[in-house]
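Residues per chain are reported as follows:
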Amino acid sequence: MNELKESLRNIEQKYKLFQQQQFTFVAALEHCRENAHDKIRPISSIEQVQSYMEHYCVNSTDRRALLMFLDLCSELSRLCQHLEALNPGTPVTNNLLEKCKTLVSQSNDLSILRAKYPHDVVNHLSCDEARNHYGGVVSLIPLILDLMKEWVAHLEKLPRKELQHVSEPQRCQGAAAPAERPPGTKGPPPGLRKQQYRLLVKDSLRLKGKGRGCSKPPWRPPGGKL
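What counts and what doesn't
- Residues numbered from 1 in each chain as written.
- Predicted model: local features only at pLDDT ≥ 70, side-chain atom pairs only at ≥ 80, totals over all residues.
- Heavy atoms only, no water.
- Phe/Tyr/Trp six-rings, centres within 6.5 Å; stacked < 30°, edge-to-face > 60°.
- Helix = DSSP H or I, 4+ residues; strand = E, 2+ residues; numbered from the N terminus.
- Buried < 20%, exposed > 50% of the residue type's maximum accessible area, 1.4 Å probe, protein only.
- Salt bridge = Lys/Arg side-chain N within 4 Å of Asp/Glu carboxyl O.
- Expected span 1.5 Å × (residues − 1).
- Bend = angle between axes of the 7 residues up to and from the residue.
- Core = buried A, V, L, I, M, F, W, Y, C linked by side-chain atoms within 4.5 Å.
- Contact = heavy atoms within 4.5 Å.
- Disulfide = S-S within 2.5 Å.
- pLDDT = per-residue confidence, 0-100.
- 1 Å grid on protein atoms, 1.4 Å probe; cavity = no way out; pocket = protein on both sides within 12 Å on 5 of 7 lines; lining within 4 Å.
- Points joined across faces, edges and corners; volume = space filled by probe spheres on them.
- Nonpolar A, V, L, I, M, F, W, Y, C, P; charged D, E, K, R; others polar.

Engineer: How do you make sense of the packing of aromatic side chains when you look at a structure like this?
Structural biologist: Pairs of aromatic rings are described using the distance from one ring centre to the other and the angle between the two planes. All chains considered together, the criterion is met by five aromatic pairs. Summarising the aromatic geometry, the rings of Tyr 15 and Phe 18 are spaced 6.3 Å apart at their centres and angled 35° between planes, so their arrangement reads as tilted. With Tyr 15 and Phe 18 both in helix α1 (residues 2-19) and three residues apart, the pair spans about one turn of that helix. Note on Tyr 15: relative accessible area 7%, which makes it buried. The exposure class assigned to Phe 18 is buried, which follows from its relative accessible area of 6%.

So, in structure tokens, the structure goes:
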């Protein structure tokens, strides 16, 4: 859990740096749209940004801004997998997790997203940019961060007994291998019934007795002398 919270804080710090580059990021998208002769469609998915960077980005400043966005999306996707591994399965955490998984999907339509107060990313766009082109893509990361922070906050409020199964996979892995028995330990191994154990011991002793009695005395000629 602490590792998860630390990862979330690190992503938030990186996002603050990216926020300072929002004007450069929007300008980079605008240049790519011009190069792609794609001025009508809004920016509607992460994979569209990826495609623009790979095929229509022609200068290093634009590429750096697009990469910052894509790297943040990749880190959020990995963090979403971490959330899924720790998910206690309550209705609230399930709902928040599903929303996160949808938003980090490469092909999800993000054009209708709008981050509202206290976020001001949309306010830094012109009315045309916000409504028709970039309102969704600049809203994506703050909305995902909000969902993840809400997920963590809800998890921390749950009673301890409801969080027990979070560590069950690790406990099960440890219990999967049978415990080694110390040398000289007597009694039936775990899982073996006492009756079965007695029969095994009895058969083992009988076989050992046969083994000791199988050697024949040396041959003696009639009369009893060698």
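Engineer: When you look at the pattern of salt bridges in this model, what are you seeing that I'm missing?
Structural biologist: The final tally for this structure, using the stated rule, is 10 salt bridges. Where Glu 34 meets Lys 39, a salt bridge forms, and the shortest distance between an N and an O atom there is 3.9 Å. Judged by its relative accessible area of 38%, Lys 39 is partly exposed. For Lys 101, the salt bridge identified is with Glu 98, shortest N-O distance 3.5 Å. With a gap of three residues between them, Lys 101 and Glu 98 both fall in helix α5 (residues 91-104), about one helical turn apart. You can call Lys 101 partly exposed: its relative accessible area is 29%. Residues joined by salt bridges that share partners form a network here, namely Glu 30, Arg 33, Glu 34 and Lys 39.

Engineer: Teacher, can you tell me more about helix α7 (residues 135-157) here?
Structural biologist: Given 3.6 residues per turn, any residue in an α-helix points the same way as the ones three and four places further on. Helix length check: α7, at 23 residues, gives a terminal C-alpha distance of 33 Å against a target of 33 Å (1.5 Å per residue), a fit within 8%. The sharpest bend along α7 comes to roughly 30°, located at Ile 141, with the proline Pro 142 sitting one to four residues further on.

Engineer: Teacher, can you tell me more about the nonpolar core here?
Structural biologist: The tendency in soluble globular proteins is for nonpolar side chains to be buried as a group. Ranked by size, the top nonpolar core spans 53 residues in total, and within it Leu 29, Leu 66, Phe 69, Val 137, Leu 140, Met 148 and Trp 151 carry the most contacts. Sorting the residues of this core by element identifies α1, α2 (22-35), α3 (46-56), α4 (60-86), α5 and α7 as the ones contributing at least two each. Setting aside residues up to four positions removed in sequence, Leu 66 forms contacts with Phe 25, Ala 28, Leu 29, Cys 32, Val 49, Met 53 and Cys 57.

Engineer: Help me out: how do you make sense of the state of the cysteines in this one?
Structural biologist: By definition, a disulfide is the covalent link that joins the sulfur atoms of two cysteine residues. Considering all chains together, one arrives at zero disulfides under this definition. The cysteine Cys 80 is free of any disulfide, with Cys 100 supplying the nearest cysteine sulfur at 5.2 Å. Using a relative accessible area of 1% as the deciding quantity, one classes Cys 100 as buried.

Engineer: How should the confidence of the model for the protein be read in this particular structure?
Structural biologist: Regions with low pLDDT should not have their predicted coordinates read in detail. Confidence in the prediction for the protein averages 82 pLDDT; 70% of positions are at 70 or higher. Scored below 50 in pLDDT, residues 169-179 shows one contact in the model against residues more than four places distant or in partner chains.

Engineer: Help me out: how do you make sense of unusual backbone geometry in this one?
Structural biologist: Trans is the common state for peptide bonds, and a negative phi is the common state for residues other than glycine. With an omega dihedral of 15°, the bond running from Tyr 117 to Pro 118 counts as a cis peptide bond. Within the secondary structure, Pro 118 is located in the loop between α5 and α6 (127-133).

Engineer: Just checking my understanding: could you explain the layout of surface pockets for this structure?
Structural biologist: Rolled over the atoms, a probe with the dimensions of a water molecule shows which regions are left empty. The calculated volume of the largest pocket comes to roughly 160 Å³. The set of elements that each furnish at least two residues to the lining of the largest pocket consists of α1 and α7. Of the residues contributing to the lining of the largest pocket, the split by class is four nonpolar, two polar and five charged.

Engineer: Would you mind going over empty space enclosed by the protein with me for this structure?
Structural biologist: Per the stated rule, a full pass over the model turns up one cavity of 30 Å³ or more. By volume, the largest cavity amounts to about 40 Å³. For the largest cavity, the full set of lining residues is Tyr 15, Phe 18, Gln 19, Gln 22, Val 121 and Val 138. When residues in the lining of the largest cavity are grouped by element, the largest group, three residues, is from α1. Along the lines of polarity and charge, the residues of the lining of the largest cavity split into four nonpolar, two polar and no charged.

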